[in-house]
Structures are given as C-alpha cells and as structure tokens.
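Structure assessment
Here is how the chains run, residue by residue.
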Amino acid sequence: MMPPTSTRHAIRRTGLMALVCVPLWAGCAHAPVTTMPVVPTTTTLPQTAKVHLTEMGAYAVEPGATMQADPNLQNRVTSELDTLTGDAGLWERFIAEYVSGRRTFERVVTEEQADVDLRLRVTIYVDPSVELDFEPVYVARAEATLLEDGSGRLLGDYRGFGKAPGSVPSTESREPHALVNRALQGALSDLFGKLESDGRLAVRRGTARLR
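Residues numbered from 1 in each chain as written. Predicted model: local features only at pLDDT ≥ 70, side-chain atom pairs only at ≥ 80, totals over all residues. Heavy atoms only, no water.

**Quick word on the overall build of the protein chain**
Applied cut-off: In DSSP terms, a helix is any run of H or I states spanning at least four residues, a strand is any run of E spanning at least two, and both are numbered starting from the N terminus. Surface accessibility follows the Shrake-Rupley procedure with a 1.4 Å probe radius. Residue values consider only the protein chains on display as shielding.
Regarding its fold elements, the protein chain presents three helices and six strands. Going residue by residue from the N terminus, the α and β elements of the protein chain occur as α-β-β-α-β-β-β-β-α. Within the structure as shown, the protein chain displays about 10,600 Å² of accessible surface, and the carbon and sulfur contribution to it stands at 52%.

Shown next as structure tokens:
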C-alpha cells in the first residue's frame, strides 16, 4: 500500500539529504568537476577574454518544482546544498577550460589584459521530484555579464538553462556527479550559443579593443 503523502515527502527529504552527504568526490571537499566533451564553435568572437566565476550555489527545491511553469526556482528553495559546490576556484578553472575549448573567444587569458571580462554566476537546483522511488531532477542556470575590460562598460547579459533528470542507484555513488555536469553542460552550451550569436560582438576583428 502506498504510504500517506506526508510520509512520502519525508522519504524524499531523507533521500535528498543522503544524496548530498555521501562522499561523492574526495570526501565532499571538492566540486564535482570532470572534463566535458566540447565541440568548438564555428563563430569564434574576435576578442580575448577573462573568465570569472562570481557566484556558485546549489539548492534543494520543493518536490516537483521543476515541473511548474514558474521559472523562479529560487522561490521554491528548501535548503542549501554546500556539498554540491565545493571549491569555487576549481569551478572557475573548469569553466575557463570549457570556454577555451569551445573557442567562443579568440583566446582566454588569465594574467594579461583582455578585451572583455566575462562574469559568470551558476546555480544548481536539485528537485527530488514527485516519485516515491526518488528520481531527482538537476537543473543548472548560468547567467553571464560581459564587460569591456578596463572601462567596465556593459556589453551584454546572457542566460543559459540545462536540465538532467535521472535516478541515483545506491550502487553508483558518483551518479549525482554526472548529473550535475550534464545539467551544467546544457546551461553553458545554451548561454554561450546566445553569446556567440550576438552580432554586436563580431563587428571588430583582431585584438582591437571594443569601442
């Protein structure tokens, strides 16, 4: 017989806490970062860029929240999941490598002056879903602000969305790792596709600074 609704919700909450507390990678001390396959774009922008991850957060949301029309998942947050973020420096290097491999910009730089400064915010949402057997949905949202390096002039704002539904078998403790990466890859692909198609950024060639 199916347990009552309150019991099912308690089971889902318990399952979610078990998910985020198991040592998925190095005792939960580091971000679940793995190298993603990247297909280089055919519309490389003519600027050099610095990539900064200004914010990284992960949150549990109400069961079934990702199935609703409301895009503001932050309004459905139930708890913060620190173990799904870890070392922000690792995430920043990971995303910089993704951008470099995708060839969105002529070159990604770290120390030298660049033409543009890309400031990225990433949020991961975990929806325990409405199924008793606990099949969570991972959603990633990436928001980027592109500024002219030096002057700080705003060049554009971009948003990307990625989603990875899937189960978490007890015999595969690294499954959340894969789902986070899959959702994030979708969000980054969506975001940088929009950025690369922004005709305003393709008007200058070479490394001349934007004006």
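Don't stop here, the text continues.
**Observations concerning the packing of aromatic side chains**
To keep it simple, the criterion reads: Each aromatic pair joins two rings of Phe, Tyr and Trp (for Trp, the six-membered one) with centres within 6.5 Å, and gets the label stacked for planes under 30 degrees apart, edge-to-face for over 60, and tilted for any other angle. Each residue gets one of three labels from its accessible area relative to the maximum for its type: buried under 20%, exposed over 50%, partly exposed in between, using a 1.4 Å probe on protein chains only.
Counted by the stated rule, this structure contains three aromatic pairs. Where tyrosine 98 meets phenylalanine 192, the ring centres are 6.1 Å apart and the plane angle is 45 degrees; that geometry is what we call tilted. Residue tyrosine 98 is found in helix α2 (residues 88-102), and its partner phenylalanine 192 is found in helix α3 (residues 175-196); the two are separated by 94 residues along the sequence. Residue tyrosine 98 is classed as buried on the basis of its relative accessible area of 5%.

**Looking at the environment of phenylalanine 105**
Test applied: We call two residues in contact whenever any of their non-hydrogen atoms come within 4.5 Å of each other.
Secondary-structure assignment places phenylalanine 105 in strand β3 (residues 105-108). The exposure class of phenylalanine 105 is buried, given its relative accessible area of 3%. Counting along the chain gives 10 residues from phenylalanine 105 to aspartate 115, while the straight-line C-alpha distance between them is 10.0 Å. Setting aside its immediate chain neighbours within four residues, phenylalanine 105 contacts Thr44, Leu45, Gln47, Ala49, Val99, Val116, Leu118, Leu146 and Leu195.

**Overview of the nonpolar core**
The tendency in soluble globular proteins is for nonpolar side chains to be buried as a group. Worth spelling out the cut-off: Within this scheme, the nonpolar core is defined by two criteria: the residues are buried Ala, Val, Leu, Ile, Met, Phe, Trp, Tyr or Cys, and they are joined through side-chain atoms within 4.5 Å.
One finds Ile95, Phe105 and Leu120 to be the most contacted residues of the largest nonpolar core, which totals 40 residues. Going through the elements one at a time, β1 (45-61), α2, β4 (116-127), β5 (137-148), β6 (154-165) and α3 are the ones with two or more residues in this core. At nine residues, the largest contribution of residues to this core is made by α3. With residues up to four places along the chain from it excluded, the contact list for isoleucine 95 reads Val51, Leu53, Leu120, Val122 and Leu188. The next biggest cluster of nonpolar side chains, apart from the first, holds six residues, and it includes Ala65, Leu73, Tyr125 and Val139.

**Digging into the environment of aspartate 87**
Take aspartate 87: it is sitting in the loop between β2 (77-80) and α2. Given the relative accessible area of 32%, aspartate 87 is considered partly exposed. Along the primary structure aspartate 87 and methionine 56 are separated by 31 residues, whereas in three dimensions their C-alpha atoms are 9.5 Å apart.

**What about the pairing of β6?**
Heads up, the condition is: At least two DSSP bridges between two strands are needed for those strands to be called paired.
One ladder, built from 11 bridges, connects β5 with β6; its direction is antiparallel. Residue pairing for β6: glutamate 143 is matched across the bridge by arginine 159.

**So, the pairing of β1**
For β1, the tally of buried residues reaches 13 of 17 residues, placing the bulk of the element in the interior. Strand direction decides the pairing type here: β1 and β3, joined by three bridges, are parallel. In the strand pairing of β3, leucine 45 is matched with phenylalanine 105. Inspection of the sheet shows β1 paired to β4 by 11 bridges, in the parallel sense. Considered in β4, the bridge of methionine 56 is made with valine 122.

**A short note on α2**
Our working definition: One less than the residue count of a helix, multiplied by 1.5 Å, gives the span that helix is expected to have.
Compared with the 21 Å implied by 1.5 Å per residue over 15 residues, the 21 Å span of α2 between its first and last C-alpha is a close match. Looking at α2, one finds that the buried residues are Trp91, Phe94, Ile95, Ala96, Tyr98, Val99 and Arg102. A positive phi of about 65 degrees marks arginine 103, the residue just after α2.

**Concerning the pattern of salt bridges**
Which entries qualify depends on this criterion: Salt bridge, as used here: a side-chain nitrogen of Lys or Arg that lies within 4 Å of a carboxyl oxygen of Asp or Glu.
Following the criterion strictly, the structure yields eight salt bridges and no others. The closest approach of N and O atoms between arginine 76 and glutamate 62, which form a salt bridge, is 2.7 Å. Of this pair, arginine 76 sits in the loop between β1 and β2 while glutamate 62 sits in the loop between β1 and β2, and the two are 14 residues apart along the sequence. A relative accessible area of 19% means that arginine 76 is categorised as buried. Taking the relative accessible area as the measure of exposure, glutamate 62 reaches 31% and is therefore partly exposed. For arginine 119, the salt bridge is made with aspartate 117, and the minimal N-O distance between the two is 2.9 Å. Judged by its relative accessible area of 38%, arginine 119 falls in the partly exposed class.

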